[in-house]
Structure formats: structure tokens, C-alpha cells
Number of protein chains: 2
Amino acid sequence: MVAAPASLESLCINSIRMLAVDAVNKSNSGHPGLPMGCAPMGYTLWDQFLSHNPKNPKWFNRDRFVLSAGHGCMLLYALLHLTGYESVKIEDIKQFRQWGAKTPGHPETFETPGVEVTAGPLGAGISNAVGLAIAEAHLAAKFNKSDSKIVDHFTYVIMGDGCNQEGVASEACSLAGHLKLGKLIALYDDNHITIDGRTDVSFTEDVLKRYESYGWHVQHVPNGNTDVNAIAKAIKAAKETTDKPSIIKITTTIGYGSPNKSDTAGVHGAPLGEEEADLTRQSLNWSYGPFEVPQEAYDHFRKAIDKGAQLENDWNKKLEIYKEKYPQESKEFERALRGELPENWDKDLPTYTSDDKGLATRKHSQICLGALGPNLPELIGGSADLTHSNYTDIKGETGSFQPETPEKRYLHFGVREHAMAAILNGIAYHDSGLIPYGGTFLVFADYMRGSMRLSALSELGVIYVLTHDSIGVGEDGPTHQPIETIPSLRAMPNMLVFRPGDGNETSGAYKLAIINRNRPSSLCLSRQGMPNQANSSIEKVALGGYILEDCSGTPELIFIGTGSELNLCVEAAKELTKKGKKVRVVSMPCVELFEEQSDSYKEEVLPSNVRKRLVVEAAETFGWHKYIGLDGDSVTMNSFGASAPGGTCMEKFGFTVENVLAKANNLIG
Amino acid sequence: MVAAPASLESLCINSIRMLAVDAVNKSNSGHPGLPMGCAPMGYTLWDQFLSHNPKNPKWFNRDRFVLSAGHGCMLLYALLHLTGYESVKIEDIKQFRQWGAKTPGHPETFETPGVEVTAGPLGAGISNAVGLAIAEAHLAAKFNKSDSKIVDHFTYVIMGDGCNQEGVASEACSLAGHLKLGKLIALYDDNHITIDGRTDVSFTEDVLKRYESYGWHVQHVPNGNTDVNAIAKAIKAAKETTDKPSIIKITTTIGYGSPNKSDTAGVHGAPLGEEEADLTRQSLNWSYGPFEVPQEAYDHFRKAIDKGAQLENDWNKKLEIYKEKYPQESKEFERALRGELPENWDKDLPTYTSDDKGLATRKHSQICLGALGPNLPELIGGSADLTHSNYTDIKGETGSFQPETPEKRYLHFGVREHAMAAILNGIAYHDSGLIPYGGTFLVFADYMRGSMRLSALSELGVIYVLTHDSIGVGEDGPTHQPIETIPSLRAMPNMLVFRPGDGNETSGAYKLAIINRNRPSSLCLSRQGMPNQANSSIEKVALGGYILEDCSGTPELIFIGTGSELNLCVEAAKELTKKGKKVRVVSMPCVELFEEQSDSYKEEVLPSNVRKRLVVEAAETFGWHKYIGLDGDSVTMNSFGASAPGGTCMEKFGFTVENVLAKANNLIG
């Protein structure tokens, strides 16, 4: 089955294959099948096409390479190692999947320089790649001049059958076709095997025809196991097709080289074992020991180091000329690349007094976007087809990112929430200072949670604008009314969840979301209006929770409120104060930031000896006992909502001053 | 623009349109555009094709009609009302979107008899429809005889551009094509408008070509506004195509009839207003007042009542003959339709003693499925391409539901988690006794959360088999290790979340999941082994939480443990007992069921005066303060995990007897 001429090419390709076999065998876990099957396309792409600099994985103008089939990470680690990245030494490969290693079981950007996106959850990588390509096209349109293309790179993807079955990839690729992202090139590893066996048990669609329907350029390489020339020819043709994204279906054999396990599900996600590894060595005519790479292969692969240095050098020269010719633009370009916010970017964020007319926080959000837009050119985003509900438009700007207008920063994602989140992640992964945001109804965070989790895990400062944040949604009913959504987001590590209670808090939430470039923010915003508070401020939001209204001395009762229910606390507190009760109102726009405050501050806001505490929030109680403990109470939700006008819903579910007072009186008797 | 002959046909079609206009105007919220545009296709389908009985919405053999574009619910309510369903009287339409009405803002099965699926979250309905068609095909193959087809109906869908952009629909429709579900017929309302404006801002793919790539039969009706004959002809051709699902693209004008708002996003989701409603009346030559339906239209539509009675009657006769000829099968068929579990269905659920070898709970789950399979023929399910990791197969059974073998009950969903959940919902919506289950990794619950929420909201007894439930996953790393997933599911109303701590608890979890036909269950199962406990039992799981190990007298400290961490509590308790401490271990396999117990039982298990409580669970702390309050502590997770062997992860993140003891000693000092 396997021809094995000891050509340099086969030495290089088999180096990838055998590093994968050895690493997976040593760690006794992992996925050897994909790297063995994709070694030829990986080699061809990295050897002949990929523009990168192993000694500077962060060189801006590099081509982006995304291994969307992240389980095959040994392909990527092998390529990084072989081409000379410091991040993946042979020792790291020997430590594959071990505690503290640079070679985790799926590629993670925060662990391994050279890894462009965190992959593993299938469909995410290709969808991120659409975001990378959008970022490139946008920056190219914004900064390039007819005589100087300082932004000019491709985004390459290797994806598998799994990625092609995931809906998020369908959404993202449909949009990529619409946007005519000509510098996005996907290599589809068509190996006919998934974990359940042959793809014909569940996946028999005509994949290329589907991509054609999206407007992609499609090609097929029937022999991806050995026909390097055909792969190279196809990539070349894809590069030359500048008005469409490209997909190249490359038919391969999973686990190529393994006499007994290739072309079976058995080689997908389990070690070959020593015996089969030996047989694979024989079959590939491979005379090297475990983790041994022939010097010829190293020598060839590591030409990438000099080549990469040259590429970056050439680009640096180009940038120097650009700087001279276009000092203004280059200043802006370099600032963006440093990830530095412009001076006074937040100067127009509005503040309010209690005399100002109360608005819905989604409306305050729109005002914030309008205030930030002109001062923060790196802000880029849009909505999953709810622009006029989410109010995600930037005041004063018209037009959107379209094939002919990539310089525009408004994105119409279509009714594609999951792709939106993945694309926002991709824009953030591009690491070029862009600040991505995207809007949908809060309840549809569920549709994109897979990618929101990756924002959090990969430390991406994506801003989620999530409007219609409670039963206050009203008539659209329980399918559209979030109940558990806010707690479910609060449960997520590294996710900032803001639920501002008025205009100042909305401005504060935006300020913090912008500043936090290494963690995502979910802004939970109301459909309905609420008054501006007297004692709120942008600055106080940074504390996460703070005393909004207070009594003298130790309070008998502490209200904790958020968002549209904050004012119920304020009103109830007024009533109780009138009756001589000592009560405090704590506004808690961001639980996570409150948790990060000093113990003494937290004790000051919520003294541990004041146990009568009442939370008011039109969301599931779940999670609030951290503050109300066993002795407090809550006015919260414990069921799904109902279809009725928002005010009626609020009233029927107990979000009234009367009910808050009743519960408060119960507590302090 | 609008011709308006006062034909019976136009009277009927305009009755639908104007009911939608009037209801949305009266409620001052809602979506008139779709019903106005889809009235002709809705009329044609219901008038000429839909087999249903308005006086018995639950008649088993009815065609299923799914309005996937659920925001257009006035189309459905109008059709239900006009054809004579008791559930939607004219008063109900006047109460559109009001508190307690049978006409909520999106169709909800639990509110309105005649509504087949809860729709609104786009893409869900068409994906449910795939489940409905699977259920029909399965039951037909199982019960029909060559001389008697007692299961024989179509599943019709109206879907819009939004549904066609959602990834879940792509996943489900790809699978539907693979499975050759010939009795699934989708009418695609191609109206070129979404909320952000014309579809050409984001959605320019060739939809029919895409469906062709999935293996569907495709047709186009260019004039869906007036060409009822063409619509009828296309539906007829679709019915005759028995080896493929069908999609008919029907080009329409959104808000057809409204002179100033039709063909704009303005008519999608906002009332026309009185003035435009009047102009629409003029334009449609409609001389009737608000909520007025011409008697001729009523007379014609309500022929459905007699026709429906006849259809059901004919079927009943057929069933009588079937009963005589096939008494055994008919007994089983009728039992299933009553939703009655077979006698002794649970008799083979295994029990264990502490001497029995400990296993992973995913392995116990496989044993349960094997024990239930033969006794519970209505169990139907599979995995999203993780059969051999989730262990979702039924021991002793081979083969799967494929085009040629629909009688098989194992489903290969492919790498399509979201579609899996939506299809499981569809099977449950079929309401024919089938008990659907589906497996994936727990962390990928995030991919299908949109549909899991609909399981909970619509009270569907879907069973989610979610394996690899913690950092115990090990080498696959943080992308595959759930941290916040369990709390995020616990936050969802009406969702039972089980995390069994040994074999008995796994059997108990299955028993409860099967019994609970009106709420979904999430079974969170370990990858790794754990010992069987001495005092666990199937019965105790029904209490949600119970005393597993106890001391005499009032405990100084209560451990609360779940799943693979339960045994850490037991071991730590042993150590403390040796040292003369009084400690109790509470096992909490299902928080939701514990919450439903009497106050006295809860007080017995967790006495309010014992405040030293320690939770041990390898998941986010979020939510546990309900039991540990302000004075307890936890050994839980507060960050994402890491790639390393599972045992190493457990140790590094503090899940050791030593660390549990240290925290316990801290508390009771």
C-alpha cells in the first residue's frame, strides 16, 4: 500500500507522521490518525506556501494557519517543531499532553506561541478563520495604499469531516462566501472516517457542492496521500482566486502508513501501540527511532527560519517606507498593533444624573457605541440580524463590511449567532488591536455558548452585547425571555458579566469591557427603560458591587439589585427608611469584579454580621446564595416566563415594590 | 400591485392576512409580515393537503405541521382558528400576546393544542421536524404491515430565511438528506427580508443548491403571492418523491398587501398601525372590520372539521382491523401511544454492593442502557459521533437507523450536537411514547444548549447522556473539560441534572430519567472509575440528596459530594471519624429533586444549625452556596482545567483526600 522512496519529501512528510505516532504512543493518548493522513498537505502548505517567521510567531503580516481539526494537534506541533519554533522543542513533543507541557491535547493559544487559535471543539477553527480573514481584509482596506500593501496575508485552514458537519461552520462559511473572502483557503481532509466509523453512517452530503452554493471556489485532490504536486497546484489556484474563499477537498487515508489501523476509526483517537508503530515504521520504510528526525528533514524544514527572517525583514522595509510616506496612518497602524488604546478614547462616554430621563440600557448601550465609535477606530462589530433591536449600530456611520466595502466596520452577521461569536473570536485572535463586539438577544447566548466559552478560555476581549435581558422582554414570551442565561454566564470562568442598572453603569460597563482585552464581557441590557440613579457612576462599576444608598450605622437589611430591578430596591429602601428601618442598597453590576476586590472592601459593602440580605434580579436565583447565604432571601425567577406585555410579566412574577417590601419585611420582621 | 378578485380562495387567504394584521395591531406587538406573505402557502397546504382533525388535535396519525419561523405565529393561530380548533377562538386571537392567552408571542406546545412544536428560536422547528419524521419512519417500520399502514403521515414545515441561516438547521437537514426522510416536506418562505433589511446584506448563498447537496428534492415556486396552483403542484410533487426529503422555495413578498410596508423589514416585527391596516384593507379589497371573517371563508375552512373526523374515523377502522389481525403488535402500539411504560421495565437495572468493582459512571450508563433496552422498546437514541466514548450503544443490538433500516433505534447523529438535541425534541414532540436519548461530551452541552432549553421549556422527557464530566477527562485538556457546564445546567428551570456517584446512583438516575416524561434529564457521567458505595441505592436517588454515611448525634461537619468526588468525602469522613470527629456525608446526585423534598426531610439531611458544610465537586463552585451558605467551604473549581492525565488534573486542582481533609479541618478547626 505504501511506496517509500527515501526522497527528501518523503523524509519530511514521514517525520511529521512518526512524531505524531511516537508522541501519542508515549503519552498513551491522543489522535495519530489525522497527522498521519494530513502530513502531505501540511508539509506542502508549510513548505511551499505559508509565509511565517518561526523566530517571531507574532510577526504581524504572517499567514495565519488554523488547524480546525484540533484533535490532530500533533500535526501542528510537528510542523512548529520541525520549522524551528522555540515553543515546541523535541522535549515538548515528548511531553505531549502532560501537566505543564507546551503541547496540550488540543492546540491552545495561551500555551503555545505559534498556535493561532484554540481548537478542539469542532467547527470553531474554520469559523475563527473567517474572522481572521475579515480582520485581514478590513485592515488591508483601512491601511494599505496603492503603492504599499502592509497588510497582506492569507488565512489557511485544515478542517475535517467533523468541522464540516458542525452548524457553526456552515453559518460561518455561508457568510464567508457572501463576503467573498478571497484570501481564506481551507484544506478539507476528506478521510471518510469519524469516531462512529465510516462517514457513510451519517454524512453523505456533497460537501463541495454545498460550498459552491455558498459562493466558494472548490477543488478536489483525489490522492492526498502522495500527490504533493496536485496539492500544491490546488493551493496555487486557490491563491489566484481572489474573489472567493477556496476549499480544496483532499482525499486522504486516516492513519496513512499504519498497515492494520489506517482507514479505520481505531486510528482516530487512540495510540497505535508499540507493535503497530513498528509495523508502520516498516511500512513507511522508516529506519529512525522514536522521536528521531533525520537531519536532512531538519535541514530542509528549518530553511523556514532564514526564509521567515527574510520575509519579515522585507515587510519591515516596506513598513519603513510606509511610515515615511504615511506618517499619520502608520502611527495609527503601529498603535493598533501594540494593542494600545488611543488617548482619551473614553472621553465621550456619557454620564447622567438622576434628573436625566431614564432609558433602556440597550439604548444607553447605543449611546455608548456612538460615543466610543469616533474615538476608537478599532471597534468593529455588528449584530446577528438584530441591529435595530440590539441597537448595535454606531451613530453617524453608514454602510457595512461588504465585499466592496471591507473598510467599513459594521458587520451584518445574518441570523447566525454561533458563527458571530466564533468570528468575533477570530478577529480577536488576529491580535491586531481590533476590538470586536456583537449583538443578539441575551437568550440566544445559548446558541453561541460554545464560542463564548472559547472567548473566555482563550482570553479574548470580545464584547457581547446581549439585549432583552429578562422577562421584561414581554410579548415574545418564554422562548425569548432569559431566565437562567445570566447565572449560566456568571458560572463561566474568565467571563465578565455586566448587568448595568442605569446610564452611568452602562457607560462603566463599556469602559471596563474595552479595558479588559484579555477576557470577554457579556453586557446584559434591558429592553425596557429604568431611571438613572443619584449615586451611580462609571468609576463605581469597576468595583463590581458598591453601596448605592445607605443608612447611618449598621444596616438591618441589605438589598442587592442589578439592572432593571435595581430601582425596585431603591424604592423599597425609601419606604423602609421612612418607617425608620436601617437599610442599604448595594448595586451589583458585575459579580466577577466585586469578587476581585479586597476582603476589606467586600466586608465593608456586605458586612458578614448583616445576614438579612435580599437580592432582586429578574433571573434565576441560582448563584446568589453566595451573598444571601442561608439567612437571606430573594426576589428572583424560578420558572420560565410568559408571553404578555413586559410590565405585566414583571408584575405577575413579583417584581414590584410591594413584593420586594413584603419579602424585606419578612426578613426583618 | 395587488389584484383582489373576491374569489373564495382570496377570501380565505385574506382572512389569514387580516387576522394577523388585526391581532398584531391590537396587541401592539408581533410579526405581521410573515403571515401576510405566507398566507397563500399556508392556505394551500392546510386546505388541500394537511391531514388533521381540528376536534382532536392529538389524533395520532395526523400530519405534523411545524411553523419553524415561529415569530409568524399568527399564521398558525389563524389557521387553527379558521379550521375550527377549540384552542384558538376569535377571543383568543383578540388576546394575542396577553397574559394567560392561548396565543402567545411564539407558538408553545404547552399553551395551545394544535401547536406541534415550540418555535421562535430560529432553526429549531425545522430541526424538530427532522425528529418528527424520524419518529414517523421508525414507528411505521416497526408497526406497519404490508396490508395495514397504521403509521403513515407527512411532516410539513414552513421555514424562513432565518431558519436557513441557523447552523442547527444545516446540521439537521444534512442528516435528513442522508436518512432519505421522504415524508418531510419544507416550504421555504423566500421573502428576501430579515430584520437587518434585505437578505443581500448577509445571505446570498444558493439555498436550493445547498439542499441538493444534502440529497433533498428541490423545487421553486416563483410567485408565492398568488399562484396557489403552482404551490399545490409543488407540494404534490414533493409528496410523490418518497426517497428524499423535499424543500420548495416559495418566493413571496413579506407583508403582502400592505401598500407602504410590504417588502420591507418594517413589516417583519412591528404592527402596521391603524392607518396602514386601512390602506391594506383597501389594497386587498377587504371590506370586513377588524377580526371579522367572512362567513364564506369560515364555511370553507371548517370543512376541515368533517373531513378531519372522517380521516380519523377511517384510521380508527384501519386500526380495528389491525388489532384483530395483529393483537400482539397493536397492544404494544396502543401502550406506546398512551405513553405507558411496560410492566417491569426497570427490572434489570443493576444494583451493586461496595464489593463490586468500581467503574466509570459512563460504563454504568452503558450497562443501564443494556438492561433497559430489551424491556423498553420505545427507547431510541444514539450519539453525536461519540458512541464508543459515551457508551450509548444498547448491548446486544446491532445496526442503526438508516434509510433501509428505519426500524432500528440507534441513531448516528454525526458530529452535530445541536441537531441531535433538536431531533430528540422532535421525537418527543411526536408524542408517541418514544423515549429519546442522545450522547455527547458534557462540555459540548454548550453546543446544544439552545435546544436543551427547549426540552425544558416544552416539558419534553429527553435524556441527555453527557459523559466526560470534569477535569477527569484528562489529556484532551480544557477545551474538553467541563467546569461551568454542570452549574449552567442546574440553573435551567425544569431540567433534572444527575451526577451519580456510583453504580446504584447511575441506575437510579436512569430510572428517574425514564419516569420523568415531562422534563428532560442531563446525566453527567465520568470518564474515570470510582468505587461503589455501601449505602447508595436506586431508591435514594429519588430523594435527590441523602445521608450516605453518618455519625451519631449532631454532626460537626457535613460533607456534600457528587459523582466521582463523592468517594473523596467518604474517605475524608473515615479519617475524621477515626479522630473522633462527628461527620456526615451527604450524597447529592440531583439537586433539583432534593429541592422538591419536604422541608422536614431537607432539615433532616442538612440541619440548619449545622453550618460547617463542605461541598466537594470537580465543577465550578457557582450555585453551591445554597447549601454551604456564608459559613461553609468547598473543594471545587474556579478556573478552566489543563491538559494532563486525569489523575494528575484531579490532584493538581486539589481533588485529593488530603486537601479535602485540610479544608474540613479548617472549618471545624
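The present account deals with the structure reproduced in this document. Just so you know, these numbers come straight off a predicted model, no measurement behind them. (Residues numbered from 1 in each chain as written. Chains lettered and ligands numbered in written order. Predicted model: local features only at pLDDT ≥ 70, side-chain atom pairs only at ≥ 80, totals over all residues. Heavy atoms only, no water.)

1. Let's talk about the nonpolar core
For soluble globular proteins, nonpolar side chains are generally found buried alongside one another. Counting residues in each nonpolar core, the largest one holds 128 residues, and the members touching the most others are A:W216 and B:F559. With twelve residues, the top contributor of residues to this core is helix α5 (residues 124-143) of chain A. Residues A:L568, B:V157, B:M420 and B:C524 belong to the second largest nonpolar core, which totals 126 residues. (Core = buried A, V, L, I, M, F, W, Y, C linked by side-chain atoms within 4.5 Å. Buried < 20%, exposed > 50% of the residue type's maximum accessible area, 1.4 Å probe, protein only. Helix = DSSP H or I, 4+ residues; strand = E, 2+ residues; numbered from the N terminus.)

2. Focus: unusual backbone geometry
Positive phi outside glycine occurs at B:R97, with the angle close to 65°. Topologically, B:R97 is positioned in the loop between α4 (90-94) and α5 (124-143).

3. A closer look at the relation of the copies chain B and chain A
Mapping one chain copy onto the other needs a rotation about an axis and a shift along that axis. Taken as rigid bodies, chain B and chain A are interconverted by a rotation of 180° and an axial shift of 0.0 Å, the fit giving an RMSD of 0.0 Å. The transformation just described matches what one would write down for a two-fold rotation axis. Of the residues that chain B buries at the interface, 100% are likewise interface residues in chain A, meaning the two copies contact each other through the same surface. (Least-squares fit on C-alpha atoms with pLDDT ≥ 70 in both. Contact = heavy atoms within 4.5 Å.)

4. Some points on the sheet that holds strand β1 (residues 64-67) of chain A
All names here are of chain A. Strands sit in the order β1-β2-β3-β7-β6 across an open sheet of five strands; the sheet is parallel. The open sheet terminates on both sides in strands that have one partner only, identified here as β1 and β6 (217-221). Averaged over all neighbouring strand pairs, the angle between strand axes comes to 15°, with direction disregarded. Pairing analysis gives five bridges linking strand β2 (residues 155-159) to strand β3 (residues 184-190), with the strands arranged parallel. Across the sheet, the residue bridging to I158 is L187, located in β3. The sheet strands contacting α5 are β1, β2 and β3, and the helix crosses β2 at an angle near 170°. (Pairing = 2+ DSSP bridges. Axes fitted to C-alpha atoms, helices over the stretch in contact; angles between N-to-C directions.)

5. Here we look at the state of the cysteines
Summed over all chains, the structure comprises zero disulfides over all chains. Lacking any disulfide linkage, B:C649 is separated from the closest cysteine sulfur, that of A:C73, by 15 Å. By relative accessible area, which is 0% here, B:C649 ends up buried. (Disulfide = S-S within 2.5 Å.)

6. Some points on the packing of α5(A) against helix α16 (residues 417-429) of chain A
Angle between the axes and distance between the axes are the two parameters that describe a pair of packed helices. Residues and elements named next belong to chain A. As a packed pair, α5 and α16 sit with axes 6 Å apart at the nearest point and diverge in direction by 55°. On the basis of their axis angle, the class for α5 and α16 is oblique. For the pair α5 and α16, the sense of crossing is right-handed. Facing S127, N128, V130, G131, L132, I134 and A135 of α5, the residues of α16 in contact are A422, I423, N425, G426, I427 and Y429. A class-by-class count of the residues in the contact of α5 with α16 yields eight nonpolar, five polar and no charged. (Parallel < 35°, antiparallel > 145°, perpendicular 65-115°, else oblique. Left-handed = near helix turned anticlockwise from the far one by under 90°. Nonpolar A, V, L, I, M, F, W, Y, C, P; charged D, E, K, R; others polar.)

7. Let's talk about the pairing of β6(A)
All names here are of chain A. Where burial is concerned, the two faces of β6 differ: the one with H217, Q219 and V221 is buried and the one with V218 and H220 is not. By the bridge criterion, five bridges tie β6 to strand β7 (residues 246-251) in an arrangement that is parallel. Pairing of H217 across the sheet is with S246, part of β7. Handedness of the crossover joining β6 and β7 through helix α9 (residues 228-240) is recorded here as right-handed. (Right-handed = clockwise from strand over helix to strand, strands pointing away.)

8. As for helix α26 (residues 657-668) of chain A
Residues and elements named next belong to chain A. Counted at 1.5 Å a residue, the expected span for α26 with its twelve residues is 16 Å, and the 16 Å between its end C-alpha atoms agrees. Within α26, the full set of buried residues consists of V660, L661, A664, L667 and I668. Seen end-on, α26 carries its buried residues on one side only, within an arc spanning 120°. When the buried face of α26 is taken as reference, the exposed residues oriented beyond 90 degrees from it are E658 and N666. Considering only its buried residues, α26 is in contact with β17 (557-561), α21 (566-578), β19 (613-620) and β20 (633-637). The positive-phi residue at the C-terminal boundary of α26 is G669, with phi of around 45°. (Expected span 1.5 Å × (residues − 1). Arc of directions from axis to C-beta.)

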